[in-house]
Amino acid sequence: MYGGKALAAAGVMMLAAVPAIATSTSAAATGIRPAAVAGTAEERLSRVCAAQKDLRDPRADDAVRADALLSGTVRITDFPPQPLPEDIDWAHPPMSTTNFQAQFQALNWTDPLRREYLRTGDVRYLERYEQILRDFVEDNPDHTQPLTPWSWYDFAEGRRGTILGCAVLELGEQDWLMRALAEHAASISEPSHYSGIGNHSLMQNAGLITLGVALDDDAALQLVCARASDLLPRAVSTDGVSLEGSIHYHGLNHMWWREFGQVLDAAGLEQMELQERVALMGAFGEAATFPDGSSVNFGDGFPGAKSRYQPGGPPLSIFRPGYLFSRSSSNVGPAMLAVHYGQPFDGMPHGHMDAGSIELFAAGKRLITDSGPYAYGGGFWRNWSKGASAHNVVSSPGTEYLKSSISKLVDYKRDAYWLTATWSIPVMSKVTWYRTIKQSLRHGWIVIMDQVNAPTSRPWVSRWNLPDDVAYRVKPYRIDQASGAGGRISIVQVAGTPTVSLAQGKKTPYLSTTAGWRSYSYETIEPAPTAELAKTAKSWRLVTLIAPRAAGELADTVKVTGVRTTSTTVTFTVTTARGATTLTMKRLTSP
């Protein structure tokens, strides 16, 4: 059997008492708790491992990856194949990229060997599988003396805990393996190794479940119950939104939390609130998917990436952490506006400084997009990609971004023809900023009124990330897409007299003045067009029209005429190929 007797025989010290953590919610209160367990210890572990589908399900390229490992090459996610000697130097991974190093130390790349052994019966796969796992364990026996910053990194040790725990099913209760399980359980259980926020903590909890079952360690399972009960409300909102600040990571967290619930079931740990909250996550994913099946790209995620969900949801969706999605069947085809606000930057593990940012789909394509995440290792481009100057917002070079500030939806109205909404976005130090958006549900265009006020005069910049690989014509008051198949975009200055320019590959020594870049894959950055509307003033009221043009519609079909301003309103007429509309922009206020 798996458990204390076998470990004692091997001379392995069990966890007499797993260290407790401070939790704001007890396990009993949230409904995650031990339950009756059926079957033998081996059957229980087998169920737990089978539930870890993200790691252990067969995949189409298993044979390629397993054969590569036999021939001395490791393939990790989408990174280029790297040489892997028989005796691995764990202190010097084959790539220095931080994400590669974390994945390398996690050992989940070894599982194709196990799966190919089970599929083919070829013992070479099992031998190499055991050899790699044992090599890591012998070179990394003590979590208090890591070879690299990634050796016992929270994500890596959590994933590796699952791999090693489940390896018992194929390799048996060998002394080296059982000692490794106890060391990993001890490391994950230490409060200093557990942040209690984000998907890394979820990975640690999943790993500790597997280790606890493999070790027959009730204390470890009790700790998982307490930690998971505390983590859930920190990770997923009551309306089913991942709180990491990234729509890409929402899809991943939905998969991981759903799988975690299955692991809880397999381990005999009851759950109630978790199932209910995770069940709501699909509705957000559908609402955050553009009509073409690509994902809205707030936070870490690559522009244009395919969504894990089908597009759906009601015409207007508002989610508590700070997302608004508005869909319409306009006369330029399906249109969708997305706005991000709410959570402070320092509360989002994968979020960006993008409060108030907008993305727009119309005329069959993404017309206002995002800049992407670059990579997780820091440095200039990572810091730029997270900063305000990379997003569709108003910023002020040299003005501090308030990372703990919460942006709010002040008021909104939607009828058969219009969505009108106002946000208060207090993210710039000593600056008030209100952003009001009016979306024409009939024509697909939007008008944005930004009102910023500061105690002294300063430079302001409003940026819009535009479709790339096409040409633009820039005039003193507008930017028009001049080439490209299908729909196109026009940006017209209505009020505020900004200087209008197009940045593409503009690199300066400062994050706040660098603009015109896009990251479509990990550790890549390339020039991309970004509209810049700029002015220096103490206060500024900028009104901007963003208009889609259907295929074949010329730029001069989009016009703004009859502009009249007062201290509180701007009235004007928008003309497109589908007709003219007169409207008034004013800031909505709280009821």
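First things first, this report covers the structure right here in the doc. (Residues numbered from 1 in each chain as written. Predicted model: local features only at pLDDT ≥ 70, side-chain atom pairs only at ≥ 80, totals over all residues. Heavy atoms only, no water.)

1. A closer look at the pattern of salt bridges
(1) Moving on: Under the defined criterion, the tally for this structure stands at 20 salt bridges.
(2) Moving on: Arg-134 is the salt-bridge partner of Glu-138, the closest N and O atoms lying 2.9 Å from each other. Placement of the pair is Glu-138 and Arg-134 together in helix H8 (residues 123-139), with a separation of four residues, close to one helical turn.
(3) Moving on: Residue Arg-134 is classed as partly exposed on the basis of its relative accessible area, which comes to 33%.
(4) Moving on: Residue Arg-578 pairs with Glu-553 through a salt bridge whose shortest N-O separation is 2.3 Å. (Salt bridge = Lys/Arg side-chain N within 4 Å of Asp/Glu carboxyl O. Helix = DSSP H or I, 4+ residues; strand = E, 2+ residues; numbered from the N terminus. Buried < 20%, exposed > 50% of the residue type's maximum accessible area, 1.4 Å probe, protein only.)

2. Description of the sheet that holds strand S7 (residues 333-340)
(1) Moving on: The strand order S5-S6-S7-S8-S9 describes an open sheet built from five strands, whose pairing is antiparallel. A single partner strand is all that each edge strand has here, and the edge strands are strand S5 (316-319) and strand S9 (365-368). Taking the axes of each pair of neighbouring strands and ignoring which way they run, one obtains an average angle of 15° across the sheet.
(2) Moving on: Where S7 and strand S8 (residues 358-362) come together, four bridges link them in antiparallel fashion. Note on S8: the bridge partner recorded for Ala-338 is Glu-359. (Pairing = 2+ DSSP bridges. Axes fitted to C-alpha atoms, helices over the stretch in contact; angles between N-to-C directions.)

3. So, a negative patch on the surface
(1) Moving on: On the surface, Glu-86, Asp-87, Asp-89 and Asp-139 cluster together into a patch of negative charge.
(2) Moving on: With respect to the element layout, Asp-89 can be found in the loop between strand S3 (82-83) and helix H6 (98-106). (Patch = residues over 30% accessible without salt bridge, like charges linked within 9 Å, V, L, I, M, F, W, Y side chains within 5 Å. Areas by Shrake-Rupley, 256 points an atom, 1.4 Å probe, with all protein chains shown as cover. Lys, Arg positive; Asp, Glu negative; His and termini not counted. Charge placed at Lys NZ, Arg CZ, Asp CG, Glu CD.)

4. A closer look at helix H11 (residues 199-215)
(1) Moving on: The terminal C-alpha atoms of H11, which comprises 17 residues, lie 24 Å apart, in line with the 24 Å expected from a rise of 1.5 Å per residue.
(2) Moving on: Extensive coverage of H11 is indicated by the burial of 16 of its 17 residues.
(3) Moving on: Where H11 ends, the next residue or the one after it, Asp-216, has phi of about 55°, a positive value. (Expected span 1.5 Å × (residues − 1).)

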